[in-house]
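Geometric and topological summary
Listed below, chain by chain, are the residues.
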Amino acid sequence: MTDLDDKQAPKPQRHFSVPQRQQHRRWRLWLVTLVGLLVGLGYGLYARQVGSAGVETNDAYIAGNIVPLKAQTSGTVVDVRTDNTQYVRQGDVLVRLDGLQTQVALERAEANLADRVRQIETLFNHAEMFRQKLAGKEAVLGRSRHDLARYRSVAHDGAVSAQQLEDSEFLIREQEADVRQIAAELAGAKALVQNTTVADNPTVLQAIAELKQAYLDNVRQEIVAPLSGFVAKRSIQPGEQVRPDTPLLAIVPLDYLWVEANFLENELAHVQPGQPVQISVDLYGSEVVYHGEVLGLEAGTGSVFGLLPPDNATGNYIHIVERVPVRIGLRAEELQAHPLRPGLSATVRIDTRQPGKPIPQPLTGLPAAYKTEVYDHQLQGAEALVKKIIGENRQVRKLEG
């Protein structure tokens with residue numbers, strides 16, 4: 001047989017018996033099972049390592065201070081000096097009211113204070129008048145008593161008649177009654193002015209308070225920005241009538257923002273204040289990553305602070321995994337490089353491998369945005385006005401005793 005014949009000759013086929021084929025299938029089944037177990041074990045180890053590195057949620061949004069600006073007095077809007085999206089600085093005049101009624105009220109308060117000062121001056125004069133009158137009556141009474149004593153000393157000699165002696169006694173009784181009457185009038189006058197001056201008399205102090213209120217209402221016809229920020233939700237128009245607490249607009253300071261992230265309650269076992277956080281915002285996508293830290297955890301789930309808190313003591317109870325808001329701080333330099341707005345959606349990841357502080361020790365602080373000084377000096381002019389009115393309508397004196 002040639003070589004060609006050998007190549008063309010069919011190879012003999014291997015035939016497995018039925019037990020051999022079953023054993024072969026079992027080996028393949030064991031092999032597939034083993035590979036599946038190894039893959040599952042590897043994925044479990046990977047998930048455990050990666051999952052233990054932190055917790056993540058996309059139920060998060062940018063939060064900030066939204067400061068509502070309201071009217072503090074009544075009036076008609078005559079000037080609106082700002083609009084939405086504009087940046088205003090602390091102390092800028094944003095809305096101006098007509099101020100006519102408050103100006104009239106201020107003038108009435110000034111006249112009332114001047115009148116009260118003059119009334120108290122009159123009371124001081126009355127008290128002094130009663131004091132002098134009392135001194136005069138007491139002097140006359142003393143002389144009458146002296147005369148009666150002399151009459152009695154010579155009455156046994158017949159130098160004074162019994163009628164004259166009796167008339168002197170009745171005269172003294174009348175004079176004593178006059179002294180008591182004037183003493184009572186003096187006590188009444190002193191009760192209104194004793195141990196006070198015109199400037200600190202209660203009646204004048206009440207008029208001063210009314211003047212300051214009228215002055216303050218007049219000053220607040222110009223509505224100023226309590227802090228710096230961007231104007232939003234402007235709803236006021238020229239010609240509109242406003243009263244105290246009428247909403248005018250809102251101011252949003254964008255230099256102090258934070259993240260409110262809502263995590264499931266079973267994800268918060270290892271979350272602590274001070275742990276680092278990575279934040280991505282839908283506005284910029286995954287290309288911009290903010291770096292923050294956990295400031296603290298809210299004192300309750302979102303449901304307990306809702307309009308209708310849950311009542312689990314009912315027959316139809318369903319167990320629901322609740323969410324707890326976590327406050328996350330942002331870095332000022334990153335906010336300046338990539339500005340944000342309250343309400344933007346975000347995705348946050350907290351690295352729970354890093355140790356933090358105990359839950360009862362949050363890192364939340366009070367920034368300068370929570371303080372304003374624009375209202376501290378609005379009464380400075382009122383003090384000078386009060387001194388001027390009192391000085392023009394008083395005589396400096398103080399009644400003692």
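Residues numbered from 1 in each chain as written. Predicted model: local features only at pLDDT ≥ 70, side-chain atom pairs only at ≥ 80, totals over all residues. Heavy atoms only, no water.

1. Examining the overall build of the protein chain
Check the secondary structure of the protein chain and you find 7 helices and 14 strands. Looking at the protein chain as a whole, 31% of its 401 residues qualify as buried. Nonlocal contacts in the protein chain, meaning residues at least 24 apart in sequence, comprise 82% of its contacts between residues at least 6 apart. Total accessible area on the protein chain stands at roughly 25,700 Å², and carbon and sulfur atoms take up 54% of it. (Helix = DSSP H or I, 4+ residues; strand = E, 2+ residues; numbered from the N terminus. Buried < 20%, exposed > 50% of the residue type's maximum accessible area, 1.4 Å probe, protein only. Contact = heavy atoms within 4.5 Å. Areas by Shrake-Rupley, 256 points an atom, 1.4 Å probe, with all protein chains shown as cover.)

2. Topic: the sheet that holds strand 9 (residues 247–252)
Here 4 strands make up an open sheet; going across it, the order is 2-9-7-4 and the pairing antiparallel. On the outer flanks of this sheet lie strand 2 (67–70) and strand 4 (87–88), each paired with one strand and no other. As paired strands, strand 2 and strand 9 are joined by 4 bridges and run antiparallel to one another. Pairing of valine 67 across the sheet is with isoleucine 251, part of strand 9. (Pairing = 2+ DSSP bridges.)

3. As for the confidence of the model for the protein chain
When pLDDT is averaged along the protein chain, the result is 84; 88% of the residues meet or exceed 70. pLDDT under 50 marks residues 396–401. Its contacts with residues more than four places away, or in other chains, come to 21 contacts. (pLDDT = per-residue confidence, 0-100.)

4. What about the side chain of threonine 57?
You can see threonine 57 is positioned in strand 1 (residues 55–64). For threonine 57, the side chain forms a polar contact with the main-chain oxygen of asparagine 262, separated by 3.4 Å. Dropping the residues within four chain positions of it, threonine 57 is found in contact with Ala261, Asn262, Phe263, Arg323, Ala346, Thr347 and Val348. (Polar contact = N/O pair within 3.5 Å; in protein donor to acceptor, adjacent residues only side chain to side chain.)

5. What about the sheet that holds strand 6 (residues 222–224)?
Read across the open sheet, the 4 strands follow the order 6-5-3-8; overall the sheet is antiparallel. What marks the edges here is a single partner per strand, and that holds for strand 6 and strand 8 (241–242). Of the strand pairs in this sheet, strand 3 (residues 75–80) and strand 8 are connected by 2 bridges, and their pairing is antiparallel. Following the sheet pairing, threonine 76 is matched in strand 8 by glutamine 241.

6. Examining the environment of lysine 371
For lysine 371, the position within the fold is in the loop between strand 14 (345–350) and helix 7 (380–392). Note: C-alpha distance between lysine 371 and proline 226 (145 residues apart in sequence) is 8.6 Å.

7. Quick look at the packing of helix 3 (residues 100–154) against helix 7
When two helices pack together, their arrangement is captured by the angle between the axes and the distance separating the axes. Two elements in contact, helix 3 and helix 7, have axes separated by 9 Å at closest approach and are oriented at 40°. Between helix 3 and helix 7, the crossing angle belongs to the class labelled oblique. In the crossing of helix 3 with helix 7, the sense of the turn from one axis to the other is right-handed. Judged by residue contacts, Leu106, Glu110, Leu113, Ala114 and Val117 of helix 3 engage Leu385, Val386, Ile389 and Ile390 from helix 7. Residue composition of the contact of helix 3 with helix 7, by class: 8 nonpolar, no polar and 1 charged. (Axes fitted to C-alpha atoms, helices over the stretch in contact; angles between N-to-C directions. Parallel < 35°, antiparallel > 145°, perpendicular 65-115°, else oblique. Left-handed = near helix turned anticlockwise from the far one by under 90°. Nonpolar A, V, L, I, M, F, W, Y, C, P; charged D, E, K, R; others polar.)

8. A word on the nonpolar core
Among the nonpolar cores identified, the biggest contains 32 residues, and Leu113, Val204 and Leu211 are the most heavily contacted of them. Where this core is concerned, the elements lending two or more residues are helix 3, helix 4 (162–193), helix 5 (202–219) and helix 7. For this core, the element with the most residues is helix 3, which contributes 13 residues. The residues touching leucine 211, leaving out its near neighbours within four places in the chain, are Leu106, Ala109, Glu110, Leu113, Leu385, Val386 and Ile389. Ile62, Val271, Val288 and Ile328 belong to the second-largest nonpolar core, a separate cluster that totals 26 residues. (Core = buried A, V, L, I, M, F, W, Y, C linked by side-chain atoms within 4.5 Å.)

9. Focus: the pattern of salt bridges
As a working rule, side chains carrying opposite charge can pair if their charged atoms are close by. For the structure shown, the criterion picks out 9 salt bridges. Residue arginine 349 is joined to glutamate 56 by a salt bridge in which the shortest nitrogen-to-oxygen separation is 3.2 Å. Taken together, the residues arginine 349 in strand 14 and glutamate 56 in strand 1 connect sequence positions 293 residues apart. Residue arginine 349 is classed as partly exposed on the basis of its relative accessible area of 27%. When the shortest N-O distance is used, the salt bridge between lysine 371 and glutamate 373 registers 3.8 Å. By relative accessible area, lysine 371 is classed as exposed at 56%. (Salt bridge = Lys/Arg side-chain N within 4 Å of Asp/Glu carboxyl O.)

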